[in-house]
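Each chain, letter by letter, is given below.
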Amino acid sequence: MAKLSSVQKNQNRLELIKKFSKKRKALKKKIMDKTISIEERLKTQNKLNDLPRNSSNIRYRNRCKLTGRTRGVYRKFGLSRIKIRELSMSGDLPGMVKSSW
């Protein structure tokens, strides 16, 4: 089980990402526009730098919904590899069958 503070910090990041996503996207689009002068683009870059760091979606970490584990998390289920195995072996994960060939 992961530390609850780490899980909560990640949840706070997700809220910040949702809050600033439109503003961040608009600023990035303006920065990438080559028709605007360099001075204007630098001012826009400074505005982007003034936004909270945790509002960047690259800082969000996928975590297991049950344990909070960060490594080996399957996007399709939102669970870590360990929990997927445990739940599928006990029959609690619908549609999962043990493979054999």
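This one's a predicted model, so the numbers in the text were calculated from it and none came from an experiment.

Student: Can you tell me about the overall build of the chain, naming the residues and giving the values?
Tutor: Within the chain, the secondary structure is distributed over three helices and two strands. When its helices and strands are written in sequence order, the chain yields α-α-β-β-α. Whereas a compact globule of 101 residues would reach a radius of gyration of roughly 13 Å, the chain reaches 20 Å, over 25% beyond that. When the 101 residues of the chain are sorted by exposure, 21% land in the buried category. Long-range contacts, defined here as pairs at least 24 residues apart, represent 37% of the contacts in the chain between residues at least 6 apart. About 8400 Å² of surface is accessible on the chain, with carbon and sulfur atoms providing 53% of the total. Here the chain carries 29 positive and 7 negative side-chain charges, and the mean point of each set is 6 Å from the other.

Student: Lay out the nonpolar core with the relevant residues and their values.
Tutor: Of all hydrophobic cores here, the largest spans five residues; its members are Phe20, Leu27, Ile31, Leu48 and Leu51. Among the elements that take part in this core, helix H1 (residues 4-32) stands out by supplying three residues, more than any other. Once residues within four sequence positions are removed from consideration, Ile31 is found in contact with Arg41, Thr44, Gln45 and Leu48.

Student: Quick one: what's the story with the pattern of salt bridges, residue by residue and with numbers?
Tutor: Taken as a whole, this structure holds two salt bridges when the rule is applied. For the salt bridge of Lys30 with Glu40, the shortest nitrogen-to-oxygen distance reads 3.7 Å. On the criterion of sequence distance, the pair formed by Lys30 in helix H1 and Glu40 in helix H2 (residues 38-50) is long-range, its members being 10 residues apart. Of the residues examined, Lys30 reaches a relative accessible area of 34% and is grouped as partly exposed. A residue is classified by how much of its surface remains accessible, and Glu40, at 31% relative accessible area, is partly exposed.

Student: Lay out the environment of Val7 in plain terms, naming residues and giving numbers.
Tutor: Note on placement: Val7 falls in helix H1. On a C-alpha basis, the gap between Val7 and Gly68 in space is 6.2 Å, while along the polypeptide they are 61 residues apart.

Student: Hey, could you go over H1 for me, with residue numbers and the actual values?
Tutor: The largest bend in H1 amounts to roughly 55 degrees and is located at Phe20. For H1, the complete set of buried residues consists of Asn10, Arg13, Ile17, Phe20, Arg24, Leu27 and Ile31. Summarising the contacts, the buried residues of H1 are in contact with H2.

What counts and what doesn't
Residues numbered from 1 in each chain as written. Predicted model: local features only at pLDDT ≥ 70, side-chain atom pairs only at ≥ 80, totals over all residues. Heavy atoms only, no water. Helix = DSSP H or I, 4+ residues; strand = E, 2+ residues; numbered from the N terminus. Rg over C-alpha atoms; globule rule 2.2 N^0.38 Å. Buried < 20%, exposed > 50% of the residue type's maximum accessible area, 1.4 Å probe, protein only. Contact = heavy atoms within 4.5 Å. Areas by Shrake-Rupley, 256 points an atom, 1.4 Å probe, with all protein chains shown as cover. Lys, Arg positive; Asp, Glu negative; His and termini not counted. Charge placed at Lys NZ, Arg CZ, Asp CG, Glu CD. Core = buried A, V, L, I, M, F, W, Y, C linked by side-chain atoms within 4.5 Å. Salt bridge = Lys/Arg side-chain N within 4 Å of Asp/Glu carboxyl O. Bend = angle between axes of the 7 residues up to and from the residue.

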